[in-house]
Amino acid sequence: MWPRRHVLSGGEEAVESKEVTSSVHGDVAPVSHSMRLRRVGQVMILFIGTAALWFIYRSLEPFAQWVTYSILAIPAGRHLASAVEFFVYEAPKVLMLLTVVVFGVGIVRSFFTPERTRRILAGRREAAGNVLASLLGVVTPFCSCSAVPLFIGFVTTGVPLGVTFSFLISAPMVNEVALVLLFGLFGWKVAAIYLGTGLAIAMTAGWIIGRLKLERWVEDWVLQTPAGTASALGEAGMTWAERIRRGRDAVKDIVGKVWPYLLGGIAVGAGIHGYVPQNFMAAIMGKGAWWSVPLAVVIGVPMYSNAAGIIPVVQALLGKGAALGTVLAFMMSVIGLSLPEMIILRKVLKVPLIATFAGVVALGILVVGYVFNMVM
Amino acid sequence: MKIQILGTGCAKCKTLTAHAEKAVQELALEAEIEKVTAIQDIMKFQILMTPGLVIDGQVKAAGRVPSTEEIKRMLVAPGGK
């Protein structure tokens, strides 16, 4: 075992101890003068950074036109021009938006650990539990590779099966990245529709699964797992420095991972934007085509992409006359129902329960698609 | 000293293993690093999110990948964060 270092032992330890204290500065309780200075510095960086981002955002449109028509000298009115302009404008805009949001969400999520969510949900009755689980699914950090431990941890501590499913449906489907991208690209109405319908599907699908009493289709060993106790991690007493670090980690982690998908999605979107004739999509994805909604779901489920990759495509499709309900159904089935997640869940659920889960959610998405095509 | 990495083999678990190995190496510690991949065994640690980092039987982090520096701090200060 490595001997424990004594920070203030002085002498030969001094150099080493400096390194230790500086690396844990976030946890030191008394606010020293230099720390206050640093905090002021951080706030200034935040302000200047925000101003800079705003400035870049405002100058993106002229910049995209300049690149397209002056630098690349593509004659206006050509397909290529409109595709290139779309890409040069959207790519930095969406990346900036994503970075800011992921940072904010990383901080928000440091308040909502899955352990805390579980504590809130344990022993809840259905209905109220379904509503709560769906809402918490939005803010609790979740990744589909953690679906199994999460499922076991929830079910064994007395969170009802249907309530657990409400959480498992809402967590991937109502995705904060999607929400903000929709807000940024289409305005608050579409974002609100997405949030509202996503939550509604998670609540009702979870409630239905609860009503169906499908507990026997959970693998037997799951229920024999010893009940989880309170978290072993003291995550509650996090300092702000630590929360900000979580935000930064989230940016590194999520933006670092999705940016190629995002650029790919925007490139596809740019292609659609430039080359697909106006209202071309109206015929195959428009309101008139009744079969377009189920088709969108059937195509969407096996597709696995994250929200960041799919939304630029969605935007381009909408611009070419595809109906909102159809596009929404497509997007939800791509990000909400994924094949890899179901394969992972097979470890804890028997096939009939997985099938019911996928079926109920797909049905919910269909209903949302049709309802929107009807009312909008 | 025993370090266990809990995870069914996703990308994050591999990153965490690499960070832990580097931390041990940089501190020149005598430590055994074990990967726990069976879900039944992972659940014995009662975590809700993978990957998990366990040092001498104690869960130090779950659902995220601590940096090499952070793992080093966990290793030199048992009981601390």
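Residues numbered from 1 in each chain as written. Chains lettered and ligands numbered in written order. Predicted model: local features only at pLDDT ≥ 70, side-chain atom pairs only at ≥ 80, totals over all residues.

### Overview of the overall build of chain A
In step 1: A tally of regular secondary structure across chain A gives 17 helices and zero strands.
In step 2: In chain A, which comprises 376 residues, the share counted as buried stands at 38%.
In step 3: Counting contacts in chain A only where the partners sit at least 6 residues apart, residues at least 24 apart contribute 86% of the total. (Helix = DSSP H or I, 4+ residues; strand = E, 2+ residues; numbered from the N terminus. Buried ≥ 20, exposed ≤ 12 C-beta atoms within 10 Å, placed from the backbone. Contact = placed C-beta atoms within 7 Å.)

### As for the confidence of the model for chain A
Residue and element names in this part refer to chain A.
In step 1: Predicted confidence across chain A gives a mean pLDDT of 79, with 87% of residues reaching 70 or more.
In step 2: Of all helices and strands in chain A, the one with the weakest mean pLDDT is helix α1 (residues 14-23) (38), whereas helix α9 (residues 188-211) scores best (91).
In step 3: Here residues 1-29 is a poorly scored stretch, pLDDT under 50, and it has 23 contacts once near neighbours within four places are set aside; other chains count. (pLDDT = per-residue confidence, 0-100.)

### Looking at the environment of I365(A)
Residue and element names in this part refer to chain A.
In step 1: In this structure, I365 sits in helix α17 (residues 351-375).
In step 2: Taking the C-beta count within 10 Å as the criterion, I365 has 29 such neighbours and is therefore assigned buried.
In step 3: Placed 202 residues apart in sequence, I365 and V163 show a C-alpha to C-alpha distance of 19 Å.
In step 4: Setting aside residues up to four positions removed in sequence, I365 forms contacts with I201, V297, A329, M332 and S333.

### Examining the sheet that holds strand β4 (residues 58-62) of chain B
All names here are of chain B.
In step 1: Judged by pairing direction, the sheet is mixed, and its four strands sit side by side in the order β2-β1-β3-β4 without closing on themselves. Whereas interior strands pair on both sides, the edge strands pair on one side only; in this sheet they are β2 (32-36) and β4. If you compare each strand with its neighbour and ignore which way they point, the axes differ by 20 degrees on average.
In step 2: Pairing of strand β1 (residues 2-6) with β2 involves five bridges; the strand directions are parallel. In the sheet register, I3 faces β2, and the bridge partner there is I33. (Pairing = 2+ DSSP bridges. Axes fitted to C-alpha atoms, helices over the stretch in contact; angles between N-to-C directions.)

### Looking at the environment of G288(A)
In step 1: Within the secondary structure, G288(A) is located in the loop between α12 (280-285) and α13 (292-300).
In step 2: As for G288(A) and K213(A), which are separated by 75 residues in sequence, their C-alpha atoms are 39 Å apart.

### Observations regarding unusual backbone geometry
Trans peptide bonds make up most of the peptide bonds, and negative phi angles are found at most residues other than glycine.
In step 1: Omega for the bond connecting T50(B) with P51(B) falls within 30 degrees of zero, at 0 degrees, which places this linkage in the cis form.
In step 2: By the secondary structure assignment, P51(B) is in the loop between α2 (39-43) and β3 (52-55).
In step 3: One non-glycine residue, K213(A), lies in the positive phi region at around 50 degrees.
In step 4: On the secondary structure map, K213(A) appears in the loop between α9 and α10 (220-224).
In step 5: Residue K213(A) is classed as exposed on the basis of its C-beta count, with 10 C-beta atoms lying within 10 Å.
In step 6: The backbone of A28(B) shows a phi angle near 50 degrees, a positive value even though the residue is not glycine.
In step 7: Tracing the chain through its elements places A28(B) in the loop between α1 (11-27) and β2.

### So, the packing of helix α8 (residues 176-186) of chain A against α9(A)
Residue and element names in this part refer to chain A.
In step 1: At a minimum axis distance of 7 Å, the contact between α8 and α9 shows a crossing angle of 155 degrees. Here α8 is positioned roughly antiparallel relative to α9, judged by the angle of their axes. Note on element contacts: α9 touches α8 through W188, V190, A191, Y194 and L195, opposite A178, L179, L182, F183 and F186.
In step 2: Residues belonging to the contact of α8 with α9 are distributed by class as follows: 10 nonpolar, no polar and no charged. (Parallel < 35°, antiparallel > 145°, perpendicular 65-115°, else oblique. Nonpolar A, V, L, I, M, F, W, Y, C, P; charged D, E, K, R; others polar.)

### A closer look at the packing of helix α4 (residues 114-121) of chain A against helix α5 (residues 128-139) of chain A
All names here are of chain A.
In step 1: As a packed pair, α4 and α5 sit with axes 10 Å apart at the nearest point and diverge in direction by 170 degrees. Regarding the angle of α4 to α5, the classification is roughly antiparallel. Here T117, I120 and L121 of α4 come into contact with α5, specifically with G129, L132, A133 and L136.
In step 2: Of the residues contributing to the contact of α4 with α5, the split by class is five nonpolar, two polar and no charged.

### Topic: the pairing of β1(B)
In summary, the side chains of a regular strand alternate between the two faces of the sheet.
Residues and elements named next belong to chain B.
In step 1: Here β1 lies mainly inside the structure; four of its five residues are buried.
In step 2: Viewed along the sheet, the connection from β1 through α1 into β2 turns out right-handed.
In step 3: Where β1 meets β3, four bridges bridge the pair, whose relative direction is antiparallel. In the sheet register, L6 faces β3, and the bridge partner there is G52. (Right-handed = clockwise from strand over helix to strand, strands pointing away.)

### Digging into the confidence of the model for chain B
Residues and elements named next belong to chain B.
In step 1: Mean pLDDT over chain B works out to 85, with 95% of the residues at or above the 70 mark.
In step 2: Here α2 stands out as the least confident element of chain B, with mean pLDDT 85; β1 is the most confident, with 91.
In step 3: This complex was scored by the predictor with a pTM of 0.76 and an ipTM of 0.81.

### What about the environment of I33(B)?
All names here are of chain B.
In step 1: Mapped onto the fold, I33 is located in strand β2.
In step 2: For the pair I33 and I55, spaced 22 residues apart in sequence, the C-alpha separation works out to 9.4 Å.
In step 3: Not counting the four nearest positions on each side in its chain, I33 is found in contact with I3, I5, T17, A20, E21 and V24.

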